[in-house]
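Structural characterization, general
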Amino acid sequence: MADVPLRVRVRAPAKINLTLHVTGQRPDGYHLLDSLVVFADVGDRLELSTGTPLSLTISGPEGGGLQGGGDNLVLRAAALMQGTPTGRFRLEKNLPVSSGIGGGSADAAAVVRALLASRGTGAVPADLADRLLALGADIPVCLSCRPSRMRGVGEDLSPVPGLPGLHAVLANPRVALSTPSVFKALEQRGNPEMPDHLPDFHTANDLIAWLKDQRNDLQEPAVSLAPVIQDALETLRASAGCLLARMSGSGATCFGLYENAARAKSAAAWLSDVRPDWWVTSTQLGDMQALCQPRIS
């Protein structure tokens, strides 16, 4: 299949950490996590045209200032694939960079899905999975695009089937945070894990009620580095119908959860009015495996 020029389109949905418990630190410095991860129906878009020399062009509302050079995760992920990497990649960047919602990792995962699809396979070789983990701890879970419990340093993934979908607003106050800096500011690294067995969530309200008793252990250190994150959380909580507000990943993107799509869209419109300088969108959270399927033409 790879000998025939193809065009492969792939979505790279935002990754949301509904919980993020930091449970320890390995001798090599990597932190141990226990996180419930879901995906959004908003994200970046990637297009691969095969049969051309390797290149990358970046467009989109969040693409300003990004370079298509060799340090970009798109090209670094392509370089990990077996054989000489080729193909023209076009990345439409819709997610803010360094924002705690896995934008770069989602893009790298999209590259892998696109290249595997162009070669007529969807299976990720075990040795490639290990190398991708070294490239970015969120890449393995972003390859799945499905609700997962992520443990270890990101390599221990357990699917969470049947997790209720959620209606949300994502808000980024336009401050980029370095993940290593946030971890450095974390005072307590040996925090409790989530329960060994997650409950059966029959409704979204059941899930939200349970989430209220969980944590993002990186939220407090991130706020200490960028106090505007607290402003984002308080603004989300002040929006009509917000049931829970929390930061995702190492920040600075925060999410608010709502009873239905109408309330989320109304809250996003209000938030965009009161903070027009922020990145704000309403979205649905859950299983995005179908959304992530490559389209070949």
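Data block above holds the structure.
Anyway, here's the lowdown on the structure attached to this text. (Residues numbered from 1 in each chain as written. Predicted model: local features only at pLDDT ≥ 70, side-chain atom pairs only at ≥ 80, totals over all residues. Heavy atoms only, no water.)

**Things to note about the overall build of the protein**
The criterion, for reference: Under the scheme used here, helices are H or I runs from DSSP no shorter than 4 residues and strands are E runs no shorter than 2 residues, and both carry numbers assigned from the N terminus. Using C-alpha atoms as the atom set, the radius of gyration is obtained and then compared with a globule rule of 2.2 Å times the number of residues to the power 0.38. Residue burial is assigned from relative accessible area. The probe radius is 1.4 Å, only protein chains are included, and a residue is buried under 20% of its type maximum, exposed over 50%, and partly exposed in between. Any two residues having at least one pair of non-hydrogen atoms within 4.5 Å are treated as being in contact. Note on areas: these come from Shrake-Rupley sampling with a 1.4 Å probe, and a residue is covered only by the protein chains present in the view.
Within the protein one finds 9 helices and 12 strands. Against the globule reference of 19 Å for 297 residues, the protein gives a C-alpha radius of gyration of 19 Å, in line with a compact fold. Principal-axis analysis of the C-alpha atoms places the extent of the protein at approximately 55 × 45 × 40 Å. The buried share of the protein, taken over its 297 residues, is 52%. By sequence separation, contacts in the protein at least 24 residues apart represent 75% of the contacts at least 6 residues apart. Carbon and sulfur atoms make up 50% of the accessible area of the protein, which amounts to about 12900 Å² in all.

**So, unusual backbone geometry**
Here the amide bond leading from Gly 251 into Ala 252 is cis, since omega sits at 15°, within 30 degrees of zero. Considering the arrangement of structural elements, one finds Ala 252 in the loop between β9 (244–247) and β10 (254–258). Located in the positive-phi region is Ser 98, a residue other than glycine, with phi close to 50°. Along the chain, Ser 98 turns up in the loop between β5 (88–92) and α2 (103–118). If you check the backbone angles, Cys 145 has positive phi at about 60° while not being a glycine.

**Examining the state of the cysteines**
Which entries qualify depends on this criterion: The rule for a disulfide is simple: a pair of cysteine sulfur atoms within 2.5 Å.
Within this structure, the stated rule accounts for 1 disulfide. A disulfide bridge connects Cys 145 with Cys 292, and the sulfur atoms are separated by 2.1 Å. An S-S torsion of about -85° defines the bridge between Cys 145 and Cys 292 as left-handed. A residue pair is termed long-range when its members are at least 10 positions apart, and Cys 145 in the loop between α4 (139–144) and β6 (148–152) and Cys 292 in the loop between β11 (279–286) and β12 (295–296) qualify at 147 residues. Its relative accessible area of 1% is what places Cys 145 among the buried residues. Relative accessible area serves as the criterion here: at 2%, Cys 292 is assigned to the buried category. Cysteine Cys 142 is unpaired, with the sulfur of Cys 145 as its nearest cysteine sulfur at 7.1 Å.

**A short note on helix α1 (residues 73–80)**
As a reminder, the rule being used: Pairs of N or O atoms are called polar contacts if they sit within 3.5 Å, as long as, within protein, a hydrogen donor faces a hydrogen acceptor (for residues adjacent in sequence, only side-chain-to-side-chain pairs).
Among the residues of α1, those classed as buried are Val 74, Leu 75, Ala 77, Ala 78 and Leu 80. Packed against the buried residues of α1 are β3 (31–49), β4 (55–59), β5, α2 and α3 (126–135). A side-chain oxygen of the first residue of α1 lies 2.9 Å from the backbone nitrogen of Val 74; this N-cap is Asn 72.

**Concerning the pattern of salt bridges**
So the rule is basically this: Any carboxyl oxygen of Asp or Glu that lies within 4 Å of a side-chain nitrogen of Lys or Arg is treated as forming a salt bridge with it.
Per the stated rule, a full pass over the model turns up 14 salt bridges. Here Arg 174 ties to Glu 62 by a salt bridge, and the two come within 2.8 Å at their closest N and O atoms. Of this pair, Arg 174 sits in the loop between β8 (166–172) and α5 (179–185) while Glu 62 sits in the loop between β4 and α1; the two residues are 112 residues apart in sequence, bridging distant segments of the chain. Relative accessible area serves as the criterion here: at 12%, Glu 62 is assigned to the buried category. Close ionic contact of Asp 217 with Arg 215 constitutes a salt bridge, the shortest N to O distance being 2.7 Å. Classification of Arg 215 by relative accessible area gives partly exposed; the value is 25%. Each of Arg 9, Glu 47 and Arg 90 takes part in salt bridges that share partners, so that together they form one network.

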